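# Fold and contact review
One-letter residues, chain by chain:
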Amino acid sequence: MKVIGITGGIGAGKSMVLSYLSAKDKSETLEADKLAHQLMKKGQETYKKIANEFGEEILDANQEIDRASLAKVVLNDKDALHRLNSIVHPDVKEYIRDLIRQKKEEGLEFLFIEAALLIQDGYKEICNEIWFIQTDAEIRKSRIIESRGYSVEKAEGFLNSQPQDDFFYENTDRVIHNNGDFEFTKIEIEQALAAV
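None of the values given here were measured: they were computed from a predicted structure.

### Side note on the packing of helix H6 (residues 137-148) against helix H7 (residues 152-161)
Running from amino to carboxyl end, H6 crosses H7 at an angle of 130 degrees, the nearest separation of the two axes being 9 Å. It follows that H6 is oblique to H7 by the angle criterion. Crossing geometry of H6 relative to H7 is assigned as right-handed. Contacts between H6 and H7 involve Ala137, Arg140, Lys141, Ile144 and Ile145 from the first element and Val152, Ala155, Glu156 and Leu159 from the second. Class assignment of the residues belonging to the contact of H6 with H7 gives a composition of six nonpolar, no polar and three charged.

What follows is the structure, encoded as structure tokens:
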């Protein structure tokens, strides 16, 4: 089984690429952010660790983690953000490692893992390859203005706060261009799959 990491900036079209890959035989996709949210649900070990670390003020009336309250706590406090990440990221990785073992036994051919911080969080040790979904900044800007309703200033702020293409070029194994017609992107994906 091959484990492929999918990364790229906001508005690059990672979800579209994942959707295409998820339809392939003997393939599954996993979004690390969604998995993290699942692990933060009441009753999960990750939930217990976060609740112990940050206290009652981050819980809602149902004793679930209120992500907006948690975000307020960690937003301007680097130490609090570090403490949160040191709980969530290792738990997500451990879950993915267990899933990889399970899926290998089931005969899966490809597991695609999408995460914005795939490189920074050290997923190279888990993945056979990491693919960078490359999209020009102006296209990404117009996509996030349209899909998320951001102002031009907010969209530009997000783009400027993220790593630039050079960072991804240096730290990934393959580049998939997603600048226009998705039919061309599909061709690059198929070439990449054949070469893994």
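### Describing the layout of surface pockets
The volume enclosed by the largest pocket comes to roughly 1,000 Å³. Only helix H2 (32-39), helix H4 (67-75) and helix H5 (78-106) provide two or more residues apiece to the lining of the largest pocket. Considering each element in turn, the lining of the largest pocket owes the most residues, six residues, to H5. In terms of residue class, the lining of the largest pocket is made up of 17 nonpolar, eight polar and three charged. In this structure, the second largest pocket encloses a volume near 600 Å³. Those elements that place two or more of their residues in the lining of the second largest pocket are helix H1 (14-22), H2, H6 and H7. Per-element tally for the lining of the second largest pocket: the top contributor is H6, with four residues. Counted by class, the lining of the second largest pocket contains eight nonpolar, eight polar and seven charged residues.

### Topic: the packing of aromatic side chains
Within a pair of aromatic rings, the relevant descriptors are the distance that separates the centres and the angle that separates the planes. A full pass over the atoms with the stated rule returns seven aromatic pairs. Arranged with centres 6.1 Å apart and planes meeting at 55 degrees, the rings of phenylalanine 112 and tryptophan 131 form a pair that is tilted. Linking phenylalanine 112 in strand E3 (residues 110-114) with tryptophan 131 in strand E4 (residues 129-134), this pair joins segments that are 19 residues apart in sequence. A relative accessible area of 0% places phenylalanine 112 in the buried class. By relative accessible area, tryptophan 131 is classed as buried at 0%. With 5.5 Å between their ring centres and 80 degrees between their planes, phenylalanine 132 and tyrosine 169 make a pair best called edge-to-face. Highlighted residues: phenylalanine 132 in strand E4 and tyrosine 169 in helix H8 (residues 165-171), separated in sequence by 37 residues.

Rules of the game
Residues numbered from 1 in each chain as written. Predicted model: local features only at pLDDT ≥ 70, side-chain atom pairs only at ≥ 80, totals over all residues. Heavy atoms only, no water. Axes fitted to C-alpha atoms, helices over the stretch in contact; angles between N-to-C directions. Helix = DSSP H or I, 4+ residues; strand = E, 2+ residues; numbered from the N terminus. Parallel < 35°, antiparallel > 145°, perpendicular 65-115°, else oblique. Left-handed = near helix turned anticlockwise from the far one by under 90°. Contact = heavy atoms within 4.5 Å. Nonpolar A, V, L, I, M, F, W, Y, C, P; charged D, E, K, R; others polar. 1 Å grid on protein atoms, 1.4 Å probe; cavity = no way out; pocket = protein on both sides within 12 Å on 5 of 7 lines; lining within 4 Å. Points joined across faces, edges and corners; volume = space filled by probe spheres on them. Phe/Tyr/Trp six-rings, centres within 6.5 Å; stacked < 30°, edge-to-face > 60°. Buried < 20%, exposed > 50% of the residue type's maximum accessible area, 1.4 Å probe, protein only.

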